[in-house]
Amino acid sequence: MDQPASPLEAVRARIAASARIAGREPQAVRLVAISKTHPAEVITPLLAAGQRVFGENRVQEAQDKWPALREAFPDVELHLVGQLQSNKAEDAVALFDCIHGLDRPSLVTALGKAMDKAGRRVPCFVQVNIGAEEQKGGCPIAEVPALLASAREAGIPVVGLMCVPPAGIEAAPFFALLAKLAADNGLAQLSMGMSEDFETAVLLGATHVRVGSALFGARG
Ligand SMILES: *Cc1c(COP(=O)(O)O)cnc(C)c1O
């Protein structure tokens, strides 16, 4: 087999191989390139290589970096991953095409209002605290149905569930649990898997993998 020419090609090939093992189409998995902390000059080569879906975890950083990149590549799709403060909801709705961190009633209220005001419905993932970790963001498993109901009422299009499993232990059971929760709640999409475990996530049904360091190298 030929050596992949770039980390991007290598990650794409690994996603495709895992998808095939699971009997899934490789195109059913979206690669969200997590470019947080990386400057525009590191992102541009991926854009030039055809990557169009990117993720950032801070509204302010994305506002600084992406308007100029978007001028050059208007078909970019920008995702927000991680914690979102309610007072940044309007900025997030204006800038992002997908929000992965809907995790609490106050944010449902803020995002619902922001979407009404902007006349723009941004698809969201409900983030689940899948390992019931005290310090971690995410909706407790038991509260997912109620949060989904209130999001629906607020006019927020929830497309799936998202998780970041506990660090340092096997992620597969947590991915499987998230997949079951999504199926139980009639949700088709799963945002799960990062650089360390995206192949496992694809085997277990991920529709969005969020990959940073495997594409860009370690963050400083
Ligand atoms: C940073 C981040 C990622 C990417 O992590 P890597 O290990 O660098 O692939 C994925 N998801 C979220 C929510 C993140 O904050």
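This text gives an overview of the structure that appears in the document. None of the values given here were measured: they were computed from a predicted structure. Think of each chain on its own: its residues are numbered from 1, step by step along the sequence as written. It should be noted that, the model being predicted, local features are given only for residues of pLDDT at least 70 and side-chain atom pairs only at 80 or more, the latter also being counted only at that level, while totals for whole chains, interfaces and linings use all residues. The basis for every side-chain value is the complete set of non-hydrogen atoms in the structure, without hydrogens or water.

## Observations concerning the environment of F175
Only DSSP runs of H or I reaching four residues or more are called helices, and only runs of E reaching two or more are called strands; each is numbered from the N terminus. Assignment of secondary structure puts F175 in helix α7 (residues 172-184). Between the alpha carbons of F175 and L204 there is a distance of 6.6 Å; along the sequence they are 29 residues apart. Two residues form a contact once any of their heavy atoms are found within 4.5 Å. Ignoring sequence-local partners within four residues, the contact set of F175 consists of C163, P165, M192, G193, D197, T200, A201 and L204.

## Focus: the pairing of strand β2 (residues 53-56)
Burial along β2 is two-sided: V53 and G55 facing one way and F54 and E56 facing the other are all buried. Only strands joined by at least two bridges in the DSSP assignment are considered to pair. As paired elements, strand β1 (residues 30-34) and β2 share two bridges and run parallel to each other. Directly across from I34, in β2, lies its bridge partner G55. Taken together, β2, helix α3 (residues 59-72) and strand β3 (residues 77-80) form a β-α-β motif whose crossover is right-handed. Burial classification: accessible surface area is computed with a 1.4 Å probe over protein chains only, and a residue below 20% of its type maximum counts as buried, one above 50% as exposed, and the rest as partly exposed. For the handedness criterion, the strands are oriented away from the viewer, and a crossover whose path from the first strand over the helix to the second runs clockwise is classed as right-handed.

## Quick notes on the packing of aromatic side chains
The aromatic pairing rule takes the rings of Phe, Tyr and Trp, using the six-membered ring of Trp, and pairs them if the centres are within 6.5 Å, calling planes under 30 degrees apart stacked, those over 60 edge-to-face and the rest tilted. Summed over all chains, the structure comprises one aromatic pair. Taking the centre distance of 5.0 Å and the plane angle of 45 degrees together, the rings of F54 and W66 count as tilted. In this pair, F54 sits in strand β2 while W66 sits in helix α3, placing the two residues twelve residues apart along the sequence. F54 sits in the buried class, given a relative accessible area of 0%.

## Observations concerning the layout of surface pockets
Volume-wise, the largest pocket comes out at about 900 Å³. Taken together, the residues of the lining of the largest pocket sort by class into 13 nonpolar, eleven polar and nine charged. Empty space within the second largest pocket amounts to approximately 190 Å³. Using protein atoms alone on a 1 Å grid, points that fit a 1.4 Å probe yet trap it form a cavity, whereas open point sets bounded by protein on both sides within 12 Å along at least five of seven lines form a pocket; residues with an atom within 4 Å of a point count as lining. For the second largest pocket, the full set of lining residues is R12, I15, A16, P26, Q27, V29, R30, L31, Q51, R52 and V53. Elements with a minimum of two residues in the lining of the second largest pocket: α1 (7-21) and β1. Ranked by the residues each element gives to the lining of the second largest pocket, the list is headed by α1, at three residues. Gly counts as polar in this scheme, as do all residues outside two lists: the nonpolar Ala, Val, Leu, Ile, Met, Phe, Trp, Tyr, Cys and Pro, and the charged Asp, Glu, Lys and Arg. A breakdown of the residues in the lining of the second largest pocket according to their chemical character gives six nonpolar, two polar and three charged. Grid points are joined across faces, edges and corners, and a volume is the space filled by probe spheres set on the points.

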